[in-house]
Amino acid sequence: QEQLVESGGGLVQAGGSLTLSCAASKNRFSLYDAAWFRQAPGKEREFVSGISGDGVWEYYDDSVKGRFTMSRDNGRNTVYLQMNSLKPEDTAIYFCAARWTRPGSLAGNYAFWGQGTQVTVSS
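Nothing here was measured: the structure is a model prediction, and the numbers come from that model.

### Details of the overall build of the protein chain
1) Next: Looking only at helices and strands, one finds zero helices and 11 strands in the protein chain.
2) Next: Counting from the amino terminus, the protein chain carries its helices and strands in the arrangement β-β-β-β-β-β-β-β-β-β-β.
3) Next: In terms of C-alpha radius of gyration, the protein chain reaches 13 Å, essentially the compact-globule figure of 14 Å for 123 residues.
4) Next: Viewed in the frame of its principal axes, the protein chain has a C-alpha envelope of about 40 × 30 × 25 Å.
5) Next: The buried share of the protein chain, taken over its 123 residues, is 42%.
6) Next: Of the contacts made within the protein chain by residues no fewer than 6 positions apart, 57% connect residues no fewer than 24 positions apart.
7) Next: Of the roughly 6,500 Å² that the protein chain leaves accessible, carbon and sulfur atoms contribute 48%.

Rendered as structure tokens:
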């Protein structure tokens, strides 16, 4: 049974917007930090954004800061990534990830992963 399922990917024109969703099948979802990673063709997976279990802390990679916004709705066991001002270099498979909440950086140490959703930004 899948624990994290991404949706919302697709093809969008440069400068456009797209919202990704990640549905989690986990009890006590507020106890899980969550994050978005992405992997472009021929490149390593990289961190995009993270959010603490209670939604208080957010962290964004410099490449998306000011353009992407992560949020969560623990009552619906869902996290979101609102992507604005998309660029061709944002093209990648986007993965949702989760970990037991912990102090420190939100950029790593994720144990649970979804299968990914494709985002393609045309120029």
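Back to the text.
### Things to note about the sheet that holds strand 8 (residues 78–83)
1) Next: Read from one edge to the other, the open sheet built from four strands follows the order 1-3-8-7, with strand pairing classed as antiparallel. The sheet is open, and its two borders are formed by strand 1 (4–7) and strand 7 (68–73), each paired with just one other strand. Going across the sheet, the axis of each strand differs from the next one's by a mean of 15 degrees, ignoring polarity.
2) Next: Judged from the six bridges that link them, strand 3 (residues 18–24) and strand 8 form a sheet pairing that is antiparallel. Directly across from Ser21, in strand 8, lies its bridge partner Tyr80.

### Regarding the pattern of salt bridges
Pairing of side chains with opposite charge becomes possible as their charged atoms draw close.
1) Next: Tallied over the full model, the rule gives six salt bridges.
2) Next: The partner of Arg38 in a salt bridge is Glu46, with the nearest N and O atoms 2.7 Å apart.
3) Next: When the shortest N-O distance is used, the salt bridge between Lys65 and Asp62 registers 3.2 Å.
4) Next: On the basis of relative accessibility, which here comes to 49%, the residue Lys65 falls in the partly exposed class.
5) Next: Residue classification places Asp62 among the exposed residues on the basis of a relative accessible area of 63%.
6) Next: A single salt-bridge network, built from bridges that share partners, covers Arg38, Glu46, Arg67 and Asp90.

### Considerations on unusual backbone geometry
For residues other than glycine, phi is negative in most cases, and the peptide bonds are mostly trans.
1) Next: Despite not being glycine, Ser85 has its phi angle at roughly 50 degrees, a positive value.
2) Next: A relative accessible area of 41% means that Ser85 is categorised as partly exposed.
3) Next: Of note, the phi angle at Asn109 is positive, near 65 degrees, even though the residue is not glycine.
4) Next: Along the chain, Asn109 falls in the loop between strand 9 (92–100) and strand 10 (112–113).

Rules of the game
- Residue positions are given per chain, counted from 1 along the sequence in the order it is written.
- Owing to the predicted nature of the model, reporting of local features is limited to residues with pLDDT of at least 70; listing and counting of side-chain atom pairs is limited to 80 or more, with chain, interface and lining totals taken over all residues.
- The side-chain values count all of the structure's non-hydrogen atoms but skip hydrogen atoms and water molecules.
- Only runs of H or I of at least four residues qualify as helices and only runs of E of at least two qualify as strands under DSSP, and these elements are numbered from the N terminus.
- Between the two quantities, the radius of gyration covers C-alpha atoms and the globule rule is 2.2 Å times the number of residues to the power 0.38.
- Buried, partly exposed and exposed residues are distinguished by accessible area as a fraction of the type maximum, computed with a 1.4 Å probe on protein chains only: under 20%, between the cut-offs, and over 50%, respectively.
- Residue contacts follow a heavy-atom distance rule, with two residues in contact if any of their heavy atoms lie within 4.5 Å.
- Calculation of accessible area relied on Shrake-Rupley with a 1.4 Å probe; when residues are assessed, cover is drawn exclusively from the protein chains displayed.
- A pair of strands is treated as paired once DSSP finds two or more bridges between them.
- Lines fitted to C-alpha atoms define the axes, with helix axes restricted to the stretch in contact, and inter-axis angles between N-to-C directions lie between 0 and 180 degrees.
- Throughout this description, the term salt bridge denotes a Lys or Arg side-chain nitrogen within 4 Å of a carboxyl oxygen of Asp or Glu.

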